[in-house]
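Structural description and commentary
Spelled out from the first residue to the last, the chains are:
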Amino acid sequence: MHDTPFPTPWSTVAALPDYLLLSQTSQLARHEQALQVLVLDHLREIEVRRLHLPRGYGSLYDYAIIEPICK
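First, a word on what this report is: a plain description of the structure on this page.

Reading the values: rules and limits
- Residues numbered from 1 in each chain as written.
- Predicted model: local features only at pLDDT ≥ 70, side-chain atom pairs only at ≥ 80, totals over all residues.
- Heavy atoms only, no water.
- Salt bridge = Lys/Arg side-chain N within 4 Å of Asp/Glu carboxyl O.
- Helix = DSSP H or I, 4+ residues; strand = E, 2+ residues; numbered from the N terminus.
- Buried < 20%, exposed > 50% of the residue type's maximum accessible area, 1.4 Å probe, protein only.
- Contact = heavy atoms within 4.5 Å.
- Core = buried A, V, L, I, M, F, W, Y, C linked by side-chain atoms within 4.5 Å.
- Expected span 1.5 Å × (residues − 1).
- Patch = residues over 30% accessible without salt bridge, like charges linked within 9 Å, V, L, I, M, F, W, Y side chains within 5 Å.
- Areas by Shrake-Rupley, 256 points an atom, 1.4 Å probe, with all protein chains shown as cover.

Remarks on the pattern of salt bridges
Scanning the entire structure with this criterion turns up two salt bridges. Taking the shortest distance from any N to any O, the salt bridge between Asp41 and Arg44 comes out at 3.0 Å. With Asp41 and Arg44 both in helix H2 (residues 18–49) and three residues apart, the pair spans about one turn of that helix. The exposure class assigned to Asp41 is partly exposed, which follows from its relative accessible area of 34%. Here Glu45 ties to Arg49 by a salt bridge, and the two come within 2.8 Å at their closest N and O atoms. Taken together, the positions of Glu45 and Arg49, both in helix H2 and four residues apart, correspond to about one turn of that helix. Look at Arg49 and you get exposed, because its relative accessible area is 56%.

Some points on the side chain of His52
Along the chain, His52 turns up in the loop between H2 and helix H3 (60–66). Look past the residues within four positions of His52 in its chain and what remains in contact with it is Ile46, Glu47, Tyr57, Gly58, Ser59, Leu60 and Tyr63.

A look at the nonpolar core
Formed by Leu43, Ile46, Tyr57, Leu60 and Tyr63, the largest nonpolar core amounts to five residues. Elements represented by at least two residues in this core include exactly H2 and H3.

Digging into H2
Taking 1.5 Å as the rise per residue, H2 with 32 residues should run 46 Å; its terminal C-alpha atoms sit 47 Å apart, in good agreement. Immediately downstream of H2, the backbone of Arg50 shows phi near 55°, a positive value.

Notes on a nonpolar patch on the surface
On the surface, Tyr61, Ile65 and Ile66 cluster together to form a nonpolar patch covering roughly 370 Å² of accessible area. Note on placement: Ile65 falls in helix H3.

This is the structure in structure tokens:
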């Protein structure tokens with residue numbers, strides 16, 4: 001078995017007590033929802049400004065799916 005000097009996220013999560021696991025999961029879900037709203041707001045503004053067109057994408061959908069937004 002290959003030993004790594006860093007704990008994996010799963011081993012860290014597995015070590016959490018129940019109350020903390022539940023609390024952190026809820027907190028992370030709220031953060032994820034807030035980030036999704038921000039991403040959608042940004043994509044909406046890209047569409048309003050039609051910034052996808054000069055980049056060669058005929059639609060915002062194509063831009064969002066094809067363009068490597070997360071580099």
